[in-house]
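# An overview of the molecular structure
The primary structure of each chain is shown beneath.
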Amino acid sequence: ADTDTFGSARIDRACVSSASAQPLRIGFAGKLIARKGVDELLQATALLSRNHDWSVTVVGDGPLMSQLQDLAARLCIDDRVTFHGFANTTEMPKLLAGFDVVVVPSRLDMRTLITIEAMAAGSAVVVSDATAVWGPGDLVEHEVSGLVYPSGDPHALAAELDRLAADRSFLAKLRLSGTERAAA
């Protein structure tokens, strides 16, 4: 991963992100296929507390685009979800730096590159336990450099996202720790 390029896109948002009045910007980037679990992310965000302001941006394209758009509408969250579509590699650093948190809800994924790129860009990460990027001493350590939730459990993912929306100092801590881990 080119962590220098993604790191240079990082935005200094320390004072903005610590304000809970700001919407939580949730991002996903990847191919829109079943294995990537975007439907699980949408289901989880539909469960988020209405006390928090949030938005989701889905970056990517694939065969499930229209089904995911329909799901967002059925879940009554289409007013908070933006389907960005395909983004080329030169756009990705700026896009990732614009998110407070990047979710990797994959049902099975080895060493997802987006995780380290998001961390380098200054976003906190929440990954499913079906990714091979987490554990003691690995890229994502739960509650140290990111959050891990059980794959297939949108309620658990929603709980982690609600936690980040409610505790912006914890969010800022994860972003800083993740940035340091990516640089190492």
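Attention here is on the structure that accompanies the text.

Quick notes on the rules
- Residues numbered from 1 in each chain as written.
- Predicted model: local features only at pLDDT ≥ 70, side-chain atom pairs only at ≥ 80, totals over all residues.
- Heavy atoms only, no water.
- Buried < 20%, exposed > 50% of the residue type's maximum accessible area, 1.4 Å probe, protein only.
- Helix = DSSP H or I, 4+ residues; strand = E, 2+ residues; numbered from the N terminus.
- Arc of directions from axis to C-beta.
- Contact = heavy atoms within 4.5 Å.
- Salt bridge = Lys/Arg side-chain N within 4 Å of Asp/Glu carboxyl O.

Listed in full, the buried residues belonging to helix H4 (residues 65–74) are Met-65, Leu-68, Leu-71 and Ala-72. For H4, the arc enclosing every buried residue in end-on projection is 125 degrees, short of the 170-degree limit, so these residues lie on one face. The secondary structure elements touched by the buried residues of H4 are helix H3 (38–46) and strand E3 (81–85). Of the residues flanking the end of H4, it is Cys-76, one or two places downstream, whose phi is positive at about 60 degrees.

With that settled, consider the environment of Lys-36. With respect to the helices and strands, Lys-36 occurs in the loop between strand E1 (24–29) and H3. Remark: the alpha-carbon pair of Lys-36 and Thr-57, spanning 21 residues in sequence, is separated by 15 Å. When neighbours within four sequence positions are excluded, Lys-36 is seen to be in contact with Phe-28, Lys-31, Pro-105, Ser-106 and Asp-109.

Should the charged atoms of two oppositely charged side chains come close, the side chains can pair. This model, assessed by the stated rule, comprises eight salt bridges. A salt bridge links Asp-100 to Arg-25, with the nearest nitrogen and oxygen atoms 2.9 Å apart. Here Asp-100, found in the loop between helix H5 (92–97) and strand E4 (101–104), pairs with Arg-25, found in strand E1; they are 75 residues apart in sequence, far enough to count as distant. Classification of Asp-100 as buried rests on a relative accessible area of 1%. Judged by relative accessible area, Arg-25 falls into the partly exposed class, the value being 28%. Here Arg-163 makes a salt bridge to Glu-160, at a shortest N to O gap of 3.4 Å. Remark: Glu-160 and Arg-163 occur in helix H7 (residues 154–166); sequence separation between them is three residues, near one turn of the helix. The exposure class assigned to Arg-163 is partly exposed, which follows from its relative accessible area of 29%. Three or more residues joined by partner-sharing salt bridges are found here, namely Arg-25, Asp-100 and Arg-175.

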